[in-house]
Amino acid sequence: MDKIIDIEDRIPTLRERRKKRTNRKFTLLLVIFLLTLFGLLYFQSPYSQVQKIVVKGANLTTSDQYIEQSGLQKGQSMWEIRTSDAEVQLKKNDWIHNVTVKRSGLTSVEIQVEEWQKAAYLQSETGFDVVLENGEVFQSEKNLSPVDAPLLSGFDNPKIRSRMVKELAKLNGQVLSMISQIESVPSKADPYRIRLFMNDGYEVRAVIPSFAKKMNYYPSIIAEIGDTEKGVIDIEVGSFFQTYLDMYNPQPKEVEEDEETPE
């Protein structure tokens, strides 16, 4: 026979359950209220705004210029800024290879730019412009000196200049650092003829299409020449060397007198 439970015995249990449900509802409402209050206070406080914009990788131009071009400003809401829009604006610059804009921390935005590397310098009316690996010419506002890349001279044709830059990109670092200046000296037969002035005192004559392939052997060529006088190394077709004295100041050959001098 089932045991009959008196309703009065169940009342304390029902009251306890009702109290727990009430407490859970109160706790949930309190959490929602606090989160709402925290959200309102946060969006009204400086902690929801951009307080710092950091630019990394800026070498060709200033960080301030990148920030201005991105459209980002201090005081903007951290959650209203569109990082993708800022990236699109910055990628319009020909000298930028890649760029990433992201939120960093609670109040900072980071702009990471990857610029095209310097391939050479180009002399201009105001000083020196930078020729980048993609063939573009960057007109810098800075006072530059061609100390970390070769100086290009006479490369007025953009097509030939771009071809030259592509060949420079194929050179190993050791050889590239030995080149002081590259001069375009085209002829009617070959518009790709060039002349190089090296930091070690030699002059090299070459053609652009085969330049990198042959020029990477430059240290070996110098080693074979040995401790002779400086001169001109011609690698246009084959490879041969002639001293400056023989090239620019040839000495007349002595004439041997086979016949006796008349008395």
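Conventions we followed
- Residues numbered from 1 in each chain as written.
- Predicted model: local features only at pLDDT ≥ 70, side-chain atom pairs only at ≥ 80, totals over all residues.
- Heavy atoms only, no water.
- Helix = DSSP H or I, 4+ residues; strand = E, 2+ residues; numbered from the N terminus.
- Buried < 20%, exposed > 50% of the residue type's maximum accessible area, 1.4 Å probe, protein only.
- Contact = heavy atoms within 4.5 Å.
- Areas by Shrake-Rupley, 256 points an atom, 1.4 Å probe, with all protein chains shown as cover.
- Polar contact = N/O pair within 3.5 Å; in protein donor to acceptor, adjacent residues only side chain to side chain.
- Core = buried A, V, L, I, M, F, W, Y, C linked by side-chain atoms within 4.5 Å.
- Phe/Tyr/Trp six-rings, centres within 6.5 Å; stacked < 30°, edge-to-face > 60°.
- Lys NZ or Arg CZ within 6 Å of the ring centre and 35° of its normal.
- Pairing = 2+ DSSP bridges.
- Axes fitted to C-alpha atoms, helices over the stretch in contact; angles between N-to-C directions.
- Salt bridge = Lys/Arg side-chain N within 4 Å of Asp/Glu carboxyl O.

1. Concerning the overall build of the protein chain
- Within the protein chain one finds 8 helices and 12 strands.
- Each of the 263 residues in the protein chain was classed as buried or not, and the buried ones make up 32%.
- A separation of at least 24 residues holds for 49% of the contacts in the protein chain among residues at least 6 apart in sequence.
- By element, 51% of the accessible surface of the protein chain is carried by carbon and sulfur atoms, the whole surface being about 18300 Å².

2. Topic: the side chain of Thr61
- Secondary-structure assignment places Thr61 in the loop between β1 (52-56) and α2 (63-70).
- Separated by 2.3 Å, the side chains of Thr61 and Gln65 make a polar contact.

3. Concerning the nonpolar core
- Among the nonpolar cores identified, the biggest contains 31 residues, and Phe211 and Met215 are the most heavily contacted of them.
- Elements supplying a minimum of two residues to this core: β4 (118-123), α4 (158-168), β8 (179-184), β9 (193-198), β10 (203-207), α6 (211-215) and α7 (218-225).
- Leaving out residues up to four positions away in the same chain, Phe211 has contacts with Met164, Glu167, Leu168, Leu171, Ile179, Ile194, Leu196 and Ala206.
- Val50, Leu72, Val99 and Phe138 belong to the second-largest nonpolar core, a separate cluster that totals 25 residues.

4. Re the packing of aromatic side chains
- With the rule as written, the count across this model stands at 2 aromatic pairs.
- Seen in terms of ring centroids, Trp95 and Phe138 are 4.8 Å apart; in terms of plane orientation they differ by 65°. Their pairing is edge-to-face. Taken together, the residues span a long stretch of sequence, with Trp95 in the loop between α3 (83-90) and β2 (96-104) and Phe138 in strand β6 (residues 137-138) at a distance of 43 residues.
- Given a relative accessible area of 13%, Trp95 falls into the buried group.
- What makes Phe138 buried here is its relative accessible area of 9%.
- Ring centres 6.1 Å apart and planes at 65° place the aromatic pair Tyr202 and Phe241 in the edge-to-face group. Of this pair, Tyr202 sits in the loop between β9 and β10 while Phe241 sits in strand β12 (residues 240-243), placing them 39 residues apart in sequence.
- For Phe241, a relative accessible area of 27% corresponds to the partly exposed category.
- The side chain of Arg163 reaches across the aromatic face of Tyr192, ending 5.2 Å from its centre.

5. Some details on the sheet that holds β2
- One open sheet accounts for 3 strands, arranged β1-β3-β2; its pairing is mixed. With partners counted over all chains shown, the strands left at the sheet margins are β1 and β2, one partner each. Taken pair by pair, the neighbouring strands of this sheet meet at an average axis angle of 15°, ignoring direction.
- Each of β2 and β3 (108-115) touches α3; the most contacted strand, β2, lies at about 155° to it.

6. A look at the pattern of salt bridges
- The full count for this structure, using the stated rule, is 6 salt bridges.
- Taking the shortest distance from any N to any O, the salt bridge between Lys170 and Glu167 comes out at 3.2 Å.
- You can call Lys170 exposed: its relative accessible area is 54%.
- With a closest N to O distance of 3.0 Å, Arg195 and Glu183 form a salt bridge. You can see Arg195 sitting in strand β9 and its partner Glu183 sitting in strand β8, a full 12 residues away along the chain.
- A relative accessible area of 23% means that Arg195 is categorised as partly exposed.

7. Quick look at the sheet that holds β10
- Overall, mixed pairing links the 9 strands, which are arranged β6-β5-β4-β7-β8-β9-β10-β11-β12 in an open sheet. Two strands bound the open sheet, and with one partner strand each, they are β6 and β12.
- Here β4 runs beside strand β7 (residues 151-153); their pairing, made up of 2 bridges, is parallel. Residue Tyr121 lies in a different strand from β7, and its bridge partner there is Leu151.
- Strands β4, β5 (128-132), β6, β7, β8 and β9 of the sheet are contacted by α4, whose axis makes an angle of about 140° with β4.
- Strands in contact with α7 are β9, β10, β11 (231-234) and β12; relative to β11, the strand with the most contacts, it is inclined by about 130°.

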